[in-house]
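# Remarks on the overall topology
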There are 2 protein chains.
Amino acid sequence: METVGRMAGVSQVTVSRALSDPSKVSPETLSRIQEAIAATGFVPNALAGALASKKSMLISALVPSITNIVYSGMLATFSAELRARGYQILLSETGFDREDEAATVEAHLSRRPDAMLLTGVHHADRTRRMLLGAGVPVVEVWDITDTPIDLCVGFSHPEAGRAMADYARARGYRRAAFITAGDERALRRGAAFAGRFAQAGGEGPVPIRGDAPASLAGGRALTAALLDEGFAASDGALIAASSDVLAQGALIELAARGLAVPGRVAVMGFGDQEMAAALSPTLTTVRVNRDALGRAAAQALLTRIGGTAPERQVIDVGFALVERQSA
Amino acid sequence: METVGRMAGVSQVTVSRALSDPSKVSPETLSRIQEAIAATGFVPNALAGALASKKSMLISALVPSITNIVYSGMLATFSAELRARGYQILLSETGFDREDEAATVEAHLSRRPDAMLLTGVHHADRTRRMLLGAGVPVVEVWDITDTPIDLCVGFSHPEAGRAMADYARARGYRRAAFITAGDERALRRGAAFAGRFAQAGGEGPVPIRGDAPASLAGGRALTAALLDEGFAASDGALIAASSDVLAQGALIELAARGLAVPGRVAVMGFGDQEMAAALSPTLTTVRVNRDALGRAAAQALLTRIGGTAPERQVIDVGFALVERQSA
DNA sequence: TTGTATGCGTTATCAA
DNA sequence: TTGATAACGCATACAA
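A brief structural summary. (Residues numbered from 1 in each chain as written. Chains lettered and ligands numbered in written order. Predicted model: local features only at pLDDT ≥ 70, side-chain atom pairs only at ≥ 80, totals over all residues. Heavy atoms only, no water.)

## So, the overall build of chain A
Selection criterion: Counting from the N terminus, the helices are the DSSP runs of H or I reaching at least four residues and the strands are the DSSP runs of E reaching at least two. Put simply, the radius of gyration uses C-alpha atoms, and a globule should come to 2.2 Å times the residue count raised to 0.38. For each residue, the accessible area found with a 1.4 Å probe, counting protein chains only, is set against the maximum for its type, and the residue is called buried under 20%, exposed over 50%, and partly exposed in between. Whether two residues are in contact is decided by their heavy atoms, any of which lying within 4.5 Å being enough.
A count of helices and strands for chain A gives twelve helices and twelve strands. Here the C-alpha atoms of chain A give a radius of gyration of 25 Å, more than 25% beyond the 20 Å that 2.2 N^0.38 yields for 327 residues. Across the 327 residues of chain A, 54% fall into the buried class. At a minimum sequence separation of 6, the contacts of chain A that also span at least 24 residues come to 69%.

If you want it as structure tokens, here you go:
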């Protein structure tokens, strides 16, 4: 800025002003400064700016996995919303381990982000302490709780599991199994599904199987194991999955064995990915509005950064059961 | 650090040393300092550190889309590799517009990243100038060129398109169409496919259709349009797609119309996503090793940051035609 | 409308 | 092994 200023015949401060609020500088000097900037290729140092102003214009985001469409979809909307307001995104994958997450949170806090997005509501004690100590606005997404660190945007996983069970019972399925990925939210949906299904008159106990990452191959294997145990020996059986990908794996295995869906075995997914409506049979699943979630999370943080307390600390974006052919 | 130092009975500088290189501090003072850090919950300010040391430990990554598995998969490996070395990732989606990319590059440069990852090799002039001017190590991925900005890790899209055409001709398909997403690399594969297919004795000209984002619905629609035009009026027809997702859409549309694959119409995809091997029929496609690509990009940047020039500026990771049932 | 002085929290240099 | 001092490049308060 010193150099640019010299070229334009003004001081460093005036250059700073021209960049941050052009209206504070006379039109003539402004254009001289802009010429100097163009001539030198000057790019302001945001690190120094952040240090001086105590505003980093950085938002950190921690998600379990960016290759999983449910997180990357939400993240895309979240990022776009914030980028439009001049923020940039510091991203990390945390997997599903709480201690890893704590370490990542600490690394992110060293960059002094203006806000932070966390996935899920269960964190290490140390994470909570660091965040509270740092005083950064935090939004926990993809789940809800009565005791958020700060803000919270998501939906109830046990409720989603129960809704799946109620649907299955209402459609008359007598026997059910839940195939699942290993993440904690999927497991809570599974437990809620199993509990409600038996409670609502279905045969219990409902087997819950699997803890690998969600993949087609995983869905096939878990389904194959169930069938080998005689799970579909008689009609009225339903396989509920913790994700559409696992459900698609189930459909593939059932097709390979020539078992009719939903006639012999019904299938339910979770997530309503694009392929759900295109599969054959089309997949009955649970829709979560990822765009709405990402947008709500961004907006909540923005108002919080702006100083005004958001109307609600906890926003439940809900979910919707999407009835199609597979169950 | 001042405060921590007072608690431990040393100066601020010693605290800094304890953090950056513990071996430079006596064991006793080190443990006193660590106690003080634990007691205060002190988290060092990386912004100030970066400003003083001129090393931000930040790597910026620009990809067209994070919801597309081909980019997010590569990114996951790239990030993991760098995070293991203490770097953090500043991420932006740039879409497919060069001016948008230029603006994003400028915003990222203001954070003084130690290196930058760019997708593709075609950029605005301004982008190239800024990058060269800033002197940051740059790796362009997912494509190759003789004139990289700095480093380059990818494969040849025209070659991939020609390999698909050669395979199709070798299998005896006489007529072909290419359905594609709108991105520039997909279009270059399509053009190369069309050119080679005709040149190798296939019927020409080969229609190239579509420029929407890759989706199942898009694949179905493009396929439907081709079929409505009588594309599959006789045997020996093949539909090549710019991605596995589009190819899956094609398979769905063909199944819906009762057209046998590959008997009546053959289908080829691109990307070898997980579902490719699980579809029915299994999908013939082109595999690109996303992990290897992300890892090579990270390693190239790391050696470049380390000061030693990497052995090669351009790394061709190649691709492989995966022969399955659909073609 | 512009400029001067000061501080942000580190690291690097030099000295003790 | 430790400390004093000077950058790093900008924004803020205050003055002119």
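## Focus: helix α10 (residues 216–228) of chain B
Every α-helix winds through 3.6 residues per turn, so residues three or four apart in the chain are directed the same way. All names here are of chain B. Threshold: The length a helix should cover is 1.5 Å for every residue beyond the first.
With 13 residues, α10 should reach 18 Å at 1.5 Å per residue; the first-to-last C-alpha distance of 18 Å fits that figure. Buried within α10 are the following residues: Leu 216, Gly 218, Gly 219, Leu 222, Thr 223, Ala 224, Leu 226 and Leu 227. Buried residues in α10 make contact with β6 (175–179), β7 (208–209), β8 (237–241) and α11 (244–256). At the C-terminal side of α10, Gly 230 shows a positive phi close to 85°.

## Re the relation of the copies chain A and chain B
The second copy of the chain is related to the first by a rotation about an axis and a shift along the axis. Where we set the bar: To line up the copies, we fit them by least squares on C-alpha atoms, keeping just the residues with pLDDT of at least 70 in both.
Under the fitted operation, chain A is carried onto chain B by 0.0 Å of movement along the axis and a turn of 180°, and the coordinates agree to an RMSD of 0.1 Å. Each copy turns onto its partner about a two-fold axis. Ranked by how close their C-alpha atoms come to the rotation axis, the residues of chain A are headed by A:Leu90, at 2.4 Å. Take the interface residues of chain A: 100% of them recur as interface residues in chain B, which is what a same-surface contact looks like.

## Topic: the pattern of salt bridges
For side chains of opposite charge, pairing can occur when their charged atoms come near one another. Basically, it comes down to this: Salt bridges are counted wherever a side-chain nitrogen of Lys or Arg sits within 4 Å of a carboxyl oxygen of Asp or Glu.
In the structure shown here, the tally under the stated rule is 30 salt bridges over all chains. For B:Glu229, the salt bridge identified is with B:Arg209, shortest N-O distance 3.0 Å. In this pair, B:Glu229 sits in the loop between α10 and β8 while B:Arg209 sits in strand β7, placing the two residues 20 residues apart along the sequence. On the accessibility criterion, B:Glu229 (52% relative accessible area) is exposed. Residues joined in a network through salt bridges with shared partners are A:Arg220, A:Asp228, A:Glu253 and A:Arg257.

## Here's the deal with unusual backbone geometry
Omega for the peptide link from A:Gly204 to A:Pro205 comes to -10°, which places this bond in the cis form. Within the secondary structure, A:Pro205 sits in the loop between α9 (184–199) and β7 (208–209).

## Side note on the protein's contact with DNA strand C
The criterion, for reference: Definition of nearness: a residue and a molecule or strand are near each other if at least one heavy atom of the residue lies within 4 Å of the molecule or strand. Any pair of N or O atoms that falls within 3.5 Å is considered a polar contact. Within protein, one atom must be able to donate a hydrogen and the other to accept it, and sequence-neighbouring residues count only if both atoms are side-chain atoms.
The immediate surroundings of DNA strand C are formed by 23 residues, with A:Val13, A:Thr14, A:Arg17, B:Gln12 and B:Ser16 found nearest. If you look at DNA strand C and keep only atoms within 4 Å of the protein, 62% of those are sugar or phosphate atoms. One of the side-chain N or O atoms of A:Thr14 is found 2.5 Å from a phosphate oxygen in DNA strand C. Contact between DNA strand C and A:Ala52: a base oxygen at 3.5 Å from a main-chain N or O atom of the residue. Elements with a contribution of two residues or more to the surface near DNA strand C: α2 (12–20) and α4 (46–53) of chain A together with α2 (12–20) and α4 (46–53) of chain B. Examining the composition of the surface near DNA strand C, we find that four residues originate from one element, α4(B), more than from any other.

## Describing the protein's contact with DNA strand D
Short version of the rule: In the scheme used here, Gly and all other residues not listed as nonpolar or charged are polar, with Ala, Val, Leu, Ile, Met, Phe, Trp, Tyr, Cys and Pro taken as nonpolar and Asp, Glu, Lys and Arg as charged.
Around DNA strand D, a shell composed of 22 residues is seen, among which A:Ser16, B:Thr14, B:Arg17, B:Ser26 and B:Thr29 lie nearest. Counting only atoms of DNA strand D within 4 Å of the protein, the sugar-phosphate share comes to 68%. At 3.3 Å from a phosphate oxygen of DNA strand D is found a main-chain nitrogen or oxygen belonging to A:Met1. In this structure, A:Ala48 approaches DNA strand D through a main-chain N or O atom, which is 3.4 Å from a base nitrogen. Those elements giving two or more residues to the surface near DNA strand D turn out to be α2 and α4 of chain A together with α2 and α4 of chain B. With four residues, α4(A) is the single largest residue contributor to the surface near DNA strand D. The residue inventory of the surface near DNA strand D, partitioned by class, reads eleven nonpolar, nine polar and two charged.

## Looking at the nonpolar core
Counted only if it meets this: As used here, the term nonpolar core means buried Ala, Val, Leu, Ile, Met, Phe, Trp, Tyr and Cys residues forming a set that is joined through side-chain atoms within 4.5 Å.
Residues A:Phe78, A:Phe193, A:Leu238, B:Phe78, B:Phe193 and B:Leu238 are the most contacted members of the largest nonpolar core, which totals 100 residues. Sequence-distant contacts of A:Leu238, defined by excluding residues within four places in its chain, comprise A:Ala168, A:Tyr173, A:Arg175, A:Ala176, A:Ala177, A:Phe193, A:Phe231, A:Ala266, A:Met268 and A:Ala327.

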